[in-house]
Amino acid sequence: MTGIETWRLELDQMFRSNGFNESGQTYSLHDALLTMHGTPGSPAQSIEIGKCPACGVPNVTVAAEDAKCSDCSSALYITDVLRTHDEFAESGSNIVPFTRVMNAAERFLSIGYIDWLYTHAPAALATTLFIQDGPLAFYGTTAPLLRRWLNYWCALNTELTRRGHLPPLVVGVEKSGTFVEHANAIADHIPNGHLMGLDNHYIQTRIRAKNPEKWYGQDEFYGRRFFYKTFTGRMLVVTVPRVPEGTPYNDSKKPGKPPDWHANPKQYPTLRATLEALDRVQTRMYPNAVIPVALAHEAVALPLGTGSHVLTLMAKKALGLP
Ligand SMILES: [Zn+2]
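## A look at the packing of aromatic side chains
How two aromatic rings sit relative to each other is given by the distance of their centres and the angle of their planes. Applying the stated criterion across every chain yields a total of 13 aromatic pairs. Between Trp 7 and Phe 98, the aromatic rings sit 5.2 Å apart at their centres with planes inclined by 70°, giving edge-to-face as the arrangement. With Trp 7 in helix H1 (residues 3-17) and Phe 98 in helix H3 (residues 95-120), this residue pair connects regions lying 91 residues apart in the sequence. Residue Phe 98 is classed as partly exposed on the basis of its relative accessible area of 48%. Taken together, a centroid distance of 6.0 Å and an interplanar angle of 35° make the contact between Phe 108 and Phe 138 tilted.

Pasting the structure below:
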């Protein structure tokens, strides 16, 4: 196998062997990817990819199991839809494709939990807050998945409304980056318990120093960013999806023209409940963090005390020290 073929196979196996267990059932990232390409409670059986990674023939349908290219017969995987192999370098650190996979996997897991609840306890969706570490967006080669997320989200809310349930609270919380720095820089101008919306012109001219005639976030974001100053005066940079549907970044490029959320706040009906919940789970342990995200990080990281103790023991053993 070439390096790229190895990457693609490993990615497929990683997606099949990781996920979560609930009530004795395993739900893998592979399942979540199919779920996002399907409708709530009914995952897709195959995924359309732009071109075969081996021979380049356009528009190939990849079955969930044992797929082969009809043109060149090479193995195809549904994870090829992430197109991370396009950024894989045979000799290089490959930090970029690794980060893409990690970010996408986190978003798929979130969809997986939503779909699991939808199938087993739909009423519980409305009382659950799904917190994503980072913005609600797909970047780079994974950006086209944005449309899939929006389709799933729209179908989910249509179905929940039909059954008389409220939409789930989904939010992305950022801990670092340009937007967090900007939010902290202007924090003194925002009263506690207040929300600040960001239109295209403001984002491009005040935060990113880019051309305001260009769209921001339209191809990546499935939620809209807001700055929120909590009741204790901490700045949170959050992304919240539109409900029931629609791309969140499509307002005017000109200054002074109100963006969608301003003209029609009903498009973000989960905003108030989301912010009220975040007010209750904010933490002073880490800057810009909320308790669930801090706990998740603690669960996956080497704990400072125990971690260093174990490393010291290992180093002593390796060096033959008493
Ligand atoms: Zn092919």
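From this point, the discussion proceeds with the structure in view.
## Focus: empty space enclosed by the protein
If you walk through the whole model with that rule in mind, you get 1 cavity of 30 Å³ or more. Taken as a whole, the largest cavity holds about 40 Å³ of empty space. For the largest cavity, the full set of lining residues is Arg 107, Ser 110, Ile 111, Ile 114, Gln 132, Leu 136, Trp 149, Val 170 and Tyr 222. For the lining of the largest cavity, the element with the most residues is H3, which contributes 4 residues. Here the residues of the lining of the largest cavity are counted per class, giving 6 nonpolar, 2 polar and 1 charged. For the lining of the largest cavity, the domains that each give at least three residues are domain 1 (3-120) and domain 2 (140-300).

## What about helix H7 (residues 200-207)?
In terms of burial, H7 is largely enclosed, as 6 of its 8 residues are buried. When H7 is considered as a whole, its buried residues turn out to be Asn 200, His 201, Tyr 202, Ile 203, Gln 204 and Ile 207. Packing partners of the buried residues in H7 comprise helix H6 (178-185), strand S9 (194-197) and strand S10 (224-229). Measuring from the backbone nitrogen of His 201 back to the side-chain oxygen at the start of H7 gives 3.2 Å, which picks out Asp 199 as the cap. Looking one or two places after H7, you find Ala 209, whose phi comes out positive at around 55°.

## Describing the coordination of the zinc ion
Surrounding the zinc ion are the protein donor atoms Cys 52 (SG), Cys 55 (SG), Cys 69 (SG) and Cys 72 (SG), at 2.3 Å. Geometry at the zinc ion is tetrahedral, judged from the 4 donor atoms that bind it and their angles of 107 to 114° at the metal. In primary sequence terms, the donor set of the zinc ion follows C-x2-C-x13-C-x2-C. Residue Cys 52 is located in the loop between strand S3 (46-51) and strand S4 (58-63), and its partner Cys 72 is located in the loop between strand S5 (67-68) and strand S6 (75-76); the two are separated by 20 residues in the primary sequence. The exposure class of Cys 52 is buried, given its relative accessible area of 1%. Judged by its relative accessible area of 30%, Cys 72 falls in the partly exposed class.

## So, the sheet that holds strand S8 (residues 169-174)
The strands that make up a sheet are held in pairs by hydrogen bonds between backbone atoms, and each pair lies either parallel or antiparallel. Pairing in this open sheet of 5 strands is mixed, and the strands run S7-S8-S11-S10-S9 from one edge to the other. Strands at the two margins of the open sheet, each flanked by one partner only, are strand S7 (129-133) and S9. Going across the sheet, the axis of each strand differs from the next one's by a mean of 35°, ignoring polarity. Together, S7, S8, S9, S10 and strand S11 (235-240) form the strand contacts of helix H9 (residues 271-281), whose direction differs from that of S8 by roughly 55°.

## As for the packing of H1 against H3
Their axes nearest at 13 Å, the elements H1 and H3 cross at an angle of 25°. When the interaxial angle is binned, H1 and H3 end up roughly parallel. In this structure, H1 meets H3 at a crossing whose hand is right-handed. Touching Trp 7, Leu 11, Met 14 and Phe 15 of H1 are Pro 97, Phe 98, Val 101 and Phe 108, all from H3.

## With respect to the domain arrangement of the protein chain
According to the domain assignment, the protein chain consists of domain 1 (3-120) and domain 2 (140-300). The centre of domain 1, based on its C-alpha atoms, is set 26 Å off from the matching centre of domain 2. Taken together, the contact pairs 20 residues of domain 1 with 15 residues of domain 2. Where domain 1 abuts domain 2, roughly 1,600 Å² becomes buried across the two surfaces, and 69% of that area is made up of carbon and sulfur atoms. Of all residues in domain 1, Met 36, Ile 114 and Tyr 118 bury the most surface against domain 2, accounting for 35% of the area lost on that side. In this structure, the connection of domain 1 to domain 2 is made through 0 salt bridges. Remark: the boundary between domain 1 and domain 2 carries 3 residue pairs in polar contact (both at pLDDT 80 or more). Residue contributions to the side of domain 1 that touches domain 2 peak at 8 residues, all from H3.

Scoring rules and cut-offs
Residues numbered from 1 in each chain as written. Predicted model: local features only at pLDDT ≥ 70, side-chain atom pairs only at ≥ 80, totals over all residues. Heavy atoms only, no water. Phe/Tyr/Trp six-rings, centres within 6.5 Å; stacked < 30°, edge-to-face > 60°. Helix = DSSP H or I, 4+ residues; strand = E, 2+ residues; numbered from the N terminus. Buried < 20%, exposed > 50% of the residue type's maximum accessible area, 1.4 Å probe, protein only. 1 Å grid on protein atoms, 1.4 Å probe; cavity = no way out; pocket = protein on both sides within 12 Å on 5 of 7 lines; lining within 4 Å. Points joined across faces, edges and corners; volume = space filled by probe spheres on them. Nonpolar A, V, L, I, M, F, W, Y, C, P; charged D, E, K, R; others polar. Domains from an automatic or database assignment. Contact = heavy atoms within 4.5 Å. Polar contact = N/O pair within 3.5 Å; in protein donor to acceptor, adjacent residues only side chain to side chain. Donors = N, O, S within 2.8 Å, 3.2 Å for Na, K, Ca; no water. Tetrahedral: all angles 85-135°; square planar, octahedral: opposite > 155°, others 65-115°. Pairing = 2+ DSSP bridges. Axes fitted to C-alpha atoms, helices over the stretch in contact; angles between N-to-C directions. Parallel < 35°, antiparallel > 145°, perpendicular 65-115°, else oblique. Left-handed = near helix turned anticlockwise from the far one by under 90°. Buried area = accessible area lost by both parts, 1.4 Å probe. Salt bridge = Lys/Arg side-chain N within 4 Å of Asp/Glu carboxyl O.

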